[in-house]
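Spelled out, the chains give:
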Amino acid sequence: MHHKHSHTHFSLLVLSLTLLCLYARTGHSRPPFACDPHNAETGNLPFCRESLPIRDRVQDLIGRLTLQEKIRLLVNNAIAVPRLGIKGYEWWSEALHGVSDVGPGTKFGGAFPGATSFPQVITTAASFNASLWEQIGRVVSDEARAMYNGGTAGLTYWSPNVNIFRDPRWGRGQETPGEDPVLAGRYAASYVRGLQGNAAGNRLKVAACCKHYTAYDLDNWNGVDRFHFNARVSKQELEETYNVPFKACVMEGRVASVMCSYNQVNGKPTCADPDLLQNTIRGQWHLNGYIVSDCDSVGVLYDTQHYTATPEDAAAATIKAGLDLDCGPFLAIHTESAIRAGKLSEADVNGALAHTLTVQMRLGMFDGEPSRQPFGNLGPNDVCTPAHQQLALEAARQGIVLLQNRARSLPLSTARHRTIAVIGPNSDVTVTMIGNYAGVACGYTTPLQGIARYAKTVHQSGCNGVACPDNQLFGQAETAARQADATVLVMGLDQSIEAEFKDRVGLLLPGHQQELVSRVATASRGPVVLVLMSGGPLDVSFAKNDPRVSAILWVGYPGQAGGTAIADVLFGRTNPGGKLPMTWYPQDYLAKAPMTDMALRANPSRGYPGRTYRFYKGPVVFPFGLGLSYTNFAHEIANAPTAVSVPLATLDRLKNSTTFSNGVRVKHTNCDALSLGVDVDVKNTGDMDGTHSLLVFSTPPMGKGDLEKQLIGFEKVHVVAGGRQRVRVHIDVCKHLSVVDQFGIRRIQMGEHSLHFGDIKHSISLQATLGDIRT
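Student: Honestly, the sheet that holds strand E17 (residues 633-639) in this entry has me stumped. Any pointers?
Tutor: The strands making up a sheet are joined through hydrogen bonds of the backbone, oriented either antiparallel or parallel. Within the open sheet, the 3 strands sit side by side as E17-E20-E23. Their pairing is antiparallel. In the strand order of this sheet, the two ends are held by E17 and strand E23 (724-732), each with one partner. Strand-to-strand twist of the sheet, defined as the mean angle between neighbouring strand axes without regard to direction, takes the value 30°. Here 6 bridges tie E17 to strand E20 (residues 675-684), and the two strands are oriented antiparallel to one another. By the bridge assignment for E20, Phe633 is matched with Asn684.

Student: What's the story with the state of the cysteines in this structure? I'm lost.
Tutor: Between two cysteines, a covalent bond joining their sulfur atoms is known as a disulfide. Counting across every chain of the model gives 7 disulfides. A sulfur-sulfur distance of 1.7 Å marks the disulfide that ties Cys210 to Cys249. Of this pair, Cys210 sits in strand E3 (residues 210-213) while Cys249 sits in helix H8 (residues 244-251), placing them 39 residues apart in sequence. Here Cys295 is linked by a disulfide to Cys327, with a sulfur-sulfur distance of 2.1 Å. Measuring handedness by torsion sign, the sulfur bridge of Cys295 and Cys327 sits at about 85° and is right-handed. Here Cys295 is found in the loop between strand E10 (290-293) and helix H10 (297-303), whereas its partner Cys327 is found in the loop between helix H11 (311-321) and helix H12 (330-340), with 32 residues between them in sequence. Accessibility classification places Cys295 together with Cys327 in one group, the buried group.

Student: Help me understand the packing of H11 against H12, please; the structure alone is not making it clear to me.
Tutor: For the pair H11 and H12, interaxial distance at closest approach is 8 Å and the crossing angle is 100°. Classified by the interaxial angle, the pair formed by H11 and H12 is roughly perpendicular. In contact with Pro311, Glu312, Ala314, Ala315, Thr318 and Ile319 of H11, H12 contributes Phe330, Leu331, His334, Thr335, Ser337 and Ala338. Residue composition of the contact of H11 with H12, grouped by class: 7 nonpolar, 4 polar and 1 charged.

Student: Explanation requested: the sheet that holds strand E22 (residues 710-719) in the structure shown.
Tutor: Read from one edge to the other, the open sheet built from 5 strands follows the order E18-E27-E26-E21-E22, with strand pairing classed as mixed. At either margin of the open sheet sits one strand with a lone partner, and together these are strand E18 (643-647) and E22. Adjacent strand axes in the sheet meet at a mean angle of 25°, parallel and antiparallel pairs treated alike. Pairing of strand E26 (residues 751-757) with strand E27 (residues 760-769), which is carried by 7 bridges, proceeds in the antiparallel orientation. Residue pairing across strands places Gly751 opposite Leu766, the latter belonging to E27.

Student: Whenever I open this one, the pattern of salt bridges confuses me. Can you help?
Tutor: Think of it this way: side chains of opposite charge can pair up when their charged atoms draw near. Summed over all chains, the structure comprises 40 salt bridges. The shortest N-O distance in the salt bridge between Arg226 and Asp219 comes to 3.4 Å. Across this residue pair, the class does not change: Arg226 and Asp219 are buried. Residues participating in the shared-partner salt-bridge network are Arg172, Glu175, Asp219, Arg226 and Glu500.

Student: Would you take a moment to explain the environment of Gly201 for this structure?
Tutor: When you line up the elements, Gly201 lands in the loop between helix H6 (181-196) and E3. With 11 residues separating them in the primary sequence, Gly201 and Ser190 have C-alpha atoms 19 Å apart.

Student: In this structure, what is going on with unusual backbone geometry? I would like to understand it.
Tutor: For residues other than glycine, phi is negative in most cases, and the peptide bonds are mostly trans. The peptide bond linking Ser159 to Pro160 adopts the cis configuration, its omega dihedral lying at 10°. The linkage connecting Leu410 with the following residue, Pro411, adopts the cis geometry, with an omega of 0°. Turning to its location among the elements, Pro411 is positioned in the loop between strand E11 (401-405) and strand E12 (419-423). In this structure, Arg408 is a non-glycine residue whose phi angle is positive, near 50°.

Student: Honestly, the nonpolar core in this entry has me stumped. Any pointers?
Tutor: In a soluble, globular protein the nonpolar side chains are often hidden away together inside. In terms of nonpolar packing, the biggest core is built from 208 residues, with Trp158 and Trp584 touching the most fellow members. With 10 residues, the top contributor of residues to this core is helix H5 (residues 130-149). In this structure, Val646, Leu674, Ile731 and Leu737 belong to the second largest nonpolar core, which totals 29 residues.

Conventions we followed
- Residues numbered from 1 in each chain as written.
- Predicted model: local features only at pLDDT ≥ 70, side-chain atom pairs only at ≥ 80, totals over all residues.
- Heavy atoms only, no water.
- Pairing = 2+ DSSP bridges.
- Helix = DSSP H or I, 4+ residues; strand = E, 2+ residues; numbered from the N terminus.
- Axes fitted to C-alpha atoms, helices over the stretch in contact; angles between N-to-C directions.
- Disulfide = S-S within 2.5 Å.
- Buried < 20%, exposed > 50% of the residue type's maximum accessible area, 1.4 Å probe, protein only.
- Parallel < 35°, antiparallel > 145°, perpendicular 65-115°, else oblique.
- Contact = heavy atoms within 4.5 Å.
- Nonpolar A, V, L, I, M, F, W, Y, C, P; charged D, E, K, R; others polar.
- Salt bridge = Lys/Arg side-chain N within 4 Å of Asp/Glu carboxyl O.
- Core = buried A, V, L, I, M, F, W, Y, C linked by side-chain atoms within 4.5 Å.

Function cannot be read off these values alone, since they describe shape.
See the structure below:
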């Protein structure tokens, strides 16, 4: 799944301009869209009638297809059915943080040379700003629709990636919203809502897809790769962590698709597990949409994992488990022989097609030419607009995290710091800033270019790329630092170090980068700022403990406007408000936590340290949720319940137990009555306006569960210097104050729960009552 940016040849440019002229003149893209009213033979068939319910239209269409046609619609490059006026369709497009050409469904060139490239997801997650995530989704789907109308993109996007960032080495951690399930779930639902839009009724603007379901977070480590990996996961941790973002995606985001992963979970390939697909995604969560395999997953479970004896068995197992679409050729090749062998029925295939065709109908793909539909007026002028590019800049600013600021050395002053030495392998990069699963950006501002808008710059790379194989260029870098009023070192990683199918081997800065930082810091005349570009955490203890390193910023992969955002923060035009969405572990953590161990809970008897801030209690370089500001914020609880009655909806075996010592099952509780509001006053006690992410954590009653604390909510608030703002935090007792037992059952613990708002705590006592009893 690697991609290269192709350069459009002149002849292609001429062709696309010709097509564009045709499109402008006739109102038609070429070839015509399905159900074109100008096509007398097919335009008025029942499946083309928008007045009919979608369910009836889908059934009519399925009834007109031959078995061979149906089977060739089970794969991502679905065939054309010319006799019904249906053109071929490529399902695989990507929009992780902007419309991308990684999938074959989208092409840049002609009227669409690029698209807005937002910060990588891990950076945007650091904003802890759900309305921003939804806004980005809206912009990305505007650009996607525009490109679809112009014939250069699809409408089915296999994004977002909502896997939990469990291990700091994971090459794809950069694509995720971080290590916390509540954060990941809220990101998932928000971004999906933005992408899919609030089109009338059951309509979709574009169809999003939450991936990779489930317990998928290893690419290639120590001889184990994702195709051969069997993730052993307890029912408790599946329910409590790994499945949480997917559940939020389906139930809150109403996502149109879920992608099953390459790995096995407890011995079964996820794409062939009816319990994970049919029973959970469809049965419990009520997915209204389709389930797609990761690319070649079905082939992998047969060829690589040898899960079934024959290819026909693999085709039958996946479709019967609930898979509707195969990214890859496997089902196109083997489904018909599976039916002939009696392992699968045509009705099973019809069921899969009903799910995919319903999504296409909801997208308007069988409603003729798009110009007369919602979003049909979007075109080249709606891509890379000034407003879209401004949002990419705003997202980068909000995602930057200030990790350290000795003696308030930041922000820099344009009056005092007139010459800046800009040093490091990431100091003048472009594509590095957009991370992976990116498209062609509208344009770039590099860190060097951003800083040059504020001050005179002296630039030295210091290293040959992030691998920094030697120290031959260090001398020039030291000389530059001696001459400047301040030094900015832009260090870190890129896709050569962390990427899909490339997990990291360590957490230290690569090559001789650490030595460069230390030597430049020694030579520098003024303050030294370390700017870290990376998706995963870095062990930079050496810099944290070096008094000559004045400040440390983490910027993730900040997108096309990254350089502007970095400079705006350095010079105080923007007051940073981002917070880390993952724990930064020390290097020696890795030896105790093999990447193949999926357990989150610590196990001291075998020397296993546990994972993520919820279960790991050892030393950290920087903790989850850390993020400093140029001002100070204080919290005060204005309004919060101290006791809550939990009304039981069933007897819950009351005859045997009146103590509820194990907690009350969430499914036996009337959860609708248990939505709490807490009002918190946030005061800005400093001298600079700032935006604050209020993170709310809870701790269950003593001895109930092994969570020290768990994020339960967050709100973003802007407070002027000396001002105060009241923030309302919504707490769902069933979701946020429950714990999961070892059988995977979610229970609400009675007793004192402690809520943490910054440095203040508040207790809420939960008591079971026999309110609304239904036996």
